[in-house]
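# Coordinates in review
Chain residues, written in single-letter form:
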Amino acid sequence: MRGRNKLAYLSVLTVVIAVVLSHPGVVMAQMPNADPELHIVEPIITEETMPNESGDWDLRVSGSYLWQGTGGSGFLPRTQLFFGIANRWGGEIEVPWAFANQGTNHYGIGDISTTVKFLVRKPSERMPGFVLGLEMTFPSGNANKGLGEGVFESAPFGAIVYARRRVVLQGNTGYSLVHKVQATDASNHFFYNAAAAFPFSQINTYLVCEINGTHSHAGDRAAFSPGLKYSLTPERFVAIAFPVGLNSLTPRMGIVLQIQITLRGTDTNNKGTE
């Protein structure tokens, strides 16, 4: 119950801060004096909302560690490749290398996943954008060694993004259906992710606050993750986040380091790849 109260307080605080900071009515552009395309600041942990434009390729490379009890687990590296398929259609491939310290150290490939997204409605000055997607996860990681979940997973979801001059809000929610192939505690569950990004343009930095969680009959998991993104160039970013568990089932704390790179983009302003 205490964890749920923490989640409620942090959720309300995040919404209040976002509303206060997003009061100005001018939508932020990618660059000063540029065209009025919306400026989408991508989060650190939460899934990117917008599908890539056709021909655009983006790369995320992350390293993470989560402390749980006397052990821990993480990914090094976790590689995500985002690409455009066709007009309004985008895809993603994720290949994580996982490690776990559960009395014995283990390292190997984790569960590989693929995602397809469709842009139902483009975001505008007055209305958020809306995306539908489907993520498929495959049991390539060894669940007995803590490197994977040991399930085939199908997760349809919906996502929204809303950009203002002083804040970018985005998130997604869906339901994950699992089919077990190894002995595991994984089960069907609802999931939700939300992120708010606040730009500090003078120092090329973004404050990012995220809430990520799941709900199932086995119990709830939730984490609040404050973080920072720094723009090296318009196409390259480095980021750091500090997940904090909000209940006993969630790792109590962690760290995420990330690099985001635009590999190819005919016009990076169209997507606001950050």
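Values in this document were obtained by computation on a predicted structure and should not be read as measured data.

Broken down by element type, the protein carries 2 helices and 14 strands. Relative to its full complement of 274 residues, the protein shows a buried share of 46%. Here the contacts in the protein between residues at least 6 apart in sequence split such that 54% fall between residues at least 24 apart. Looking at the protein as shown, the accessible area adds up to about 13,800 Å², and 63% of this sits on carbon and sulfur atoms.

Further remarks concern the packing of aromatic side chains. A ring pair, where both rings are aromatic, is described by two values, the distance of the centres and the angle of the planes. Under the definition given, this model contains 8 aromatic pairs. Between Y65 and W67, the aromatic rings sit 4.8 Å apart at their centres with planes inclined by 75°, giving edge-to-face as the arrangement. Look at F138 and F152: their rings are 6.3 Å apart centre to centre, the planes differ by 85°, and that puts the pair in the edge-to-face class. Here F138, found in the loop between β6 (129-137) and β7 (151-163), pairs with F152, found in strand β7; they are 14 residues apart in sequence, far enough to count as distant.

This next bit is on the pattern of salt bridges. A side chain of one charge can pair with a side chain of the opposite charge if their charged atoms are brought near each other. In this structure the tally under the stated criterion is 3 salt bridges. For the salt bridge of E47 with K117, the shortest nitrogen-to-oxygen distance reads 3.3 Å. Linking E47 in the loop between α1 (2-21) and β1 (57-68) with K117 in strand β5 (residues 113-121), this pair joins segments that are 70 residues apart in sequence. Residues E47 and K117 agree in their burial class; the two are buried. E48 serves as the salt-bridge partner of R60, at 3.6 Å between the closest nitrogen and oxygen.

This part is about the pairing of β1. Relative to strand β2 (residues 71-86), β1 runs antiparallel, the two being bridged by 11 bridges. Bridged to R60 within β2 is Q80. Pairing of β1 with strand β14 (residues 253-264), which is carried by 11 bridges, proceeds in the antiparallel orientation. Paired with G63 across the strands is L257, a residue of β14.

A separate point is the environment of G90. Here G90 shows up in strand β3 (residues 89-101). C-alpha of G90 to C-alpha of D56: the two residues are 34 residues apart in sequence and 9.4 Å apart in space. The contact partners of G90, leaving out residues within four places of it in the chain, are P51, N52, F83, G84, I85, T115, V116 and K117.

The step from L76 to P77 runs through a cis peptide bond, and the omega angle for that step is -10°. Looking at the element boundaries, P77 is found in strand β2.

Following the sequence through the fold, S64 ends up in strand β1. Those residues in contact with S64, other than ones at most four positions away along the chain, are S73, G74, F75, F99, I255 and V256.

What follows concerns the nonpolar core. Counting residues in hydrophobic clusters, the biggest one holds 20 residues, and the most contacted among them are V41, I44, V161, V168, A197, Y206 and V208. Within the residue set of this core, elements represented by two or more residues are β7, β9 (189-200), β10 (205-216) and β12 (236-241). Residues in contact with A197, not counting those within four places in the same chain, are V41, R166, V167, V168, L207 and V208. A196, C209, A222 and L246 belong to the second largest nonpolar core, which has 8 residues in total.

What counts, and at which threshold
Residues numbered from 1 in each chain as written. Predicted model: local features only at pLDDT ≥ 70, side-chain atom pairs only at ≥ 80, totals over all residues. Heavy atoms only, no water. Helix = DSSP H or I, 4+ residues; strand = E, 2+ residues; numbered from the N terminus. Buried < 20%, exposed > 50% of the residue type's maximum accessible area, 1.4 Å probe, protein only. Contact = heavy atoms within 4.5 Å. Areas by Shrake-Rupley, 256 points an atom, 1.4 Å probe, with all protein chains shown as cover. Phe/Tyr/Trp six-rings, centres within 6.5 Å; stacked < 30°, edge-to-face > 60°. Salt bridge = Lys/Arg side-chain N within 4 Å of Asp/Glu carboxyl O. Pairing = 2+ DSSP bridges. Core = buried A, V, L, I, M, F, W, Y, C linked by side-chain atoms within 4.5 Å.

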